[in-house]
Amino acid sequence: MNTKNIEARNGRAAMVISLDFELYWGMRHLPSVNSYVRNLIGARIAIPAILELFREYGIHATWATVGFLFFERTSQLLKIAPTRRPLYKNTKLDPYSDLPPESEHETSDSIFFAPSLIRMIAKTTNQEIATHSFSHYYSFEDGADIESFRADLHSAQRAARLSNFEVTSLVFPKNQERRDFLEVCAEAGILAYRSNSSSWLYRPVADAKETEVRRLGRLLDNYVPLSGDNCYDWPTVDTGLPVRIPASRSLRPYSSLLGFLEPLRLARIKRGLTVAAKKAQLYHLWWHPHNFGCDLAQNCKALKQILDHYRMLQRTYGMESLNMAEVAGRCLGQGSLRRGRTSVRV
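Predicted model, so just to flag it, every value in this text is computed and none were measured.

Caption draft 1: Fine view of the packing of helix α8 (residues 262-279) against helix α9 (residues 296-317). With their axes 10 Å apart at the nearest point, α8 and α9 run at an angle of 20° to one another. On the basis of the axis angle, α8 is roughly parallel to α9. In this structure, α8 crosses over α9, and the sense of that crossing is right-handed. For the pair α8 and α9, contact is made by Glu-262, Arg-265, Leu-266, Ile-269, Lys-270, Leu-273, Thr-274, Ala-277 and Lys-278 and by Ala-302, Gln-305, Ile-306, His-309, Leu-313 and Tyr-317, respectively. Its residues assigned to classes, the contact of α8 with α9 comprises eight nonpolar, three polar and four charged.

Caption draft 2: Quick peek at the pattern of salt bridges. Scanning all chains against the criterion turns up 20 salt bridges. Put simply, Arg-28 and Asp-98 hold a salt bridge, and the shortest N to O gap is 3.0 Å. With Arg-28 in the loop between β1 (14-21) and α2 (37-57) and Asp-98 in the loop between α3 (74-80) and α4 (115-123), the pair connects residues that are 70 residues apart, well separated along the chain. Residue Arg-28 is classed as buried on the basis of its relative accessible area of 10%.

Caption draft 3: Geometry of α4. Among the residues of α4, Pro-115, Leu-117, Ile-118 and Ile-121 are the ones counted as buried. Take α4 and look down its axis: the buried residues cluster within an arc of 160°, on one side only. Buried residues in α4 make contact with β1, α2, β2 (61-65) and β3 (127-131).

Caption draft 4: Spatial organisation of the pairing of strand β5 (residues 192-195). Here β5 shows a buried face lined by Ala-192 and Arg-194 and a second buried face lined by Tyr-193 and Ser-195. Where strand β4 (residues 169-171) and β5 come together, three bridges link them in parallel fashion. Its bridge partner lying in β5, Val-171 is registered against Arg-194. Crossover handedness for the path β4 to helix α6 (residues 182-187) to β5: right-handed. Relative to strand β6 (residues 243-246), β5 runs parallel, the two sharing four bridges.

Caption draft 5: Layout of the side chain of His-60. When you line up the elements, His-60 lands in the loop between α2 and β2. We classify His-60 as buried; its relative accessible area is 16%. With near-sequence residues (within four places) excluded, His-60 lies in contact with Ile-17, Asn-126, Gln-127, Ser-321, Leu-322, Asn-323 and Glu-326.

The rules behind the values
Residues numbered from 1 in each chain as written. Predicted model: local features only at pLDDT ≥ 70, side-chain atom pairs only at ≥ 80, totals over all residues. Heavy atoms only, no water. Axes fitted to C-alpha atoms, helices over the stretch in contact; angles between N-to-C directions. Helix = DSSP H or I, 4+ residues; strand = E, 2+ residues; numbered from the N terminus. Parallel < 35°, antiparallel > 145°, perpendicular 65-115°, else oblique. Left-handed = near helix turned anticlockwise from the far one by under 90°. Contact = heavy atoms within 4.5 Å. Nonpolar A, V, L, I, M, F, W, Y, C, P; charged D, E, K, R; others polar. Salt bridge = Lys/Arg side-chain N within 4 Å of Asp/Glu carboxyl O. Buried < 20%, exposed > 50% of the residue type's maximum accessible area, 1.4 Å probe, protein only. Arc of directions from axis to C-beta. Pairing = 2+ DSSP bridges. Right-handed = clockwise from strand over helix to strand, strands pointing away.

Coordinates in, geometry out; function isn't part of it.
Below, the structure written as C-alpha cells:
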C-alpha cells in the first residue's frame with residue numbers, strides 16, 4: 001500500500017458528502033423542467049431539513065453552488081458575469097438567453113436566486129461553500145473552450161467573494177470533468193474537485209453522446225453492484241492540484257414506483273460505506289438538494305438510515321465525516337505536492 005496514502009489518511013476511513021446546489025440553472029435546458037418546478041421550489045424546504053440532519057449527526061459536507069444563486073436580481077448577476085462566454089452549438093444550453101426579468105428576486109418560492117439559503121448553509125457548522133461554476137458551465141458541449149471556462153470560474157469566485165466566501169473546491173456541472181480544464185482550476189486556487197466513478201457507466205460525455213444503455217445501467221447500479229463498491233484510497237500527495245476526490249454513489253431520490261426496491265438501494269450504499277470503513281478508504285456520496293424537493297419525509301428517512309449506519313461505523317472503525325476541502329487539506333498537509341511542472345512544499 002502506498003505509504004503516502006497512509007500518511008494522508010492517518011489510518012482512518014472517511015465519508016465524504018457533496019451536494020450540487022443549482023436549482024433552475026441545472027434543469028432549465030431539459031424538456032421536463034416545467035414538470036420539475038415543484039422539486040425546485042421544494043428544495044427551499046429540503047435544505048433546512050438536510051442541514052438539521054447534518055447537525056444531528058455531525059456531518060461535514062460540501063455544497064457546490066452555481067454562481068447565479070448568490071444574487072438577488074439579474075442586474076447584480078450581470079455586473080459579475082464574464083464577457084467571454086461559451087458559444088454553445090446547442091443554444092438551449094445558454095443560460096444568459098433566458099435570465100429572469102429584473103422584477104424577479106429571491107422569495108420563498110424562488111428557483112433562480114438563493115442568497116439566503118447560501119447563508120443558512122454557511123452558518124451551519126462544518127459546511128463548505130464550493131463552486132459548481134458560475135453559469136452551470138457545460139464542459140463537454142460543442143462551444144465550450146478553455147478561455148470561457150477560465151472566465152466563468154473567475155466570475156464564480158468573484159460572486160462568492162462578494163458574499164465573503166473563498167471557494168477552493170469544485171464540482172463540474174453534469175459531472176463533465178475535463179482534464180485540460182484542471183490546470184485552469186489549479187491556477188485559480190481550486191484545491192479539490194469531485195471526479196467521476198471509475199466505471200464506464202459514469203465516464204463523462206456530452207449529452208448527445210449519452211446512450212440508453214448507460215442510463216439504464218446507472219439506474220440498475222443503484223440497486224445491484226454493477227460498478228462495484230466504488231471505495232477509493234486516499235489521494236496521494238504527489239499527483240498535483242487540484243486533488244481528485246472520486247464520487248462513489250449518487251443518492252438517488254425516493255421513487256414510489258420503485259419503493260419496493262428501497263431496501264436494495266440503501267443496502268448498496270451501506271455496503272460501500274462498510275467496505276470503506278474496513279479498508280480505511282473514502283466513500284463519496286453526492287446528490288442535488290432539489291432531489292429531496294418532493295417526498296421529503298421519505299428522502300430524509302433514507303438519509304437518516306445511511307447516517308445511522310455511518311454512526312455505527314464511526315464507533316466501530318473510527319470513520320470520519322469530511323467535506324472536500326478537509327480531504328484536500330488532509331492530503332496537502334503531507335510532504336511535497338507537484339503543481340504543474342514545479343514542486344512545492346506544503
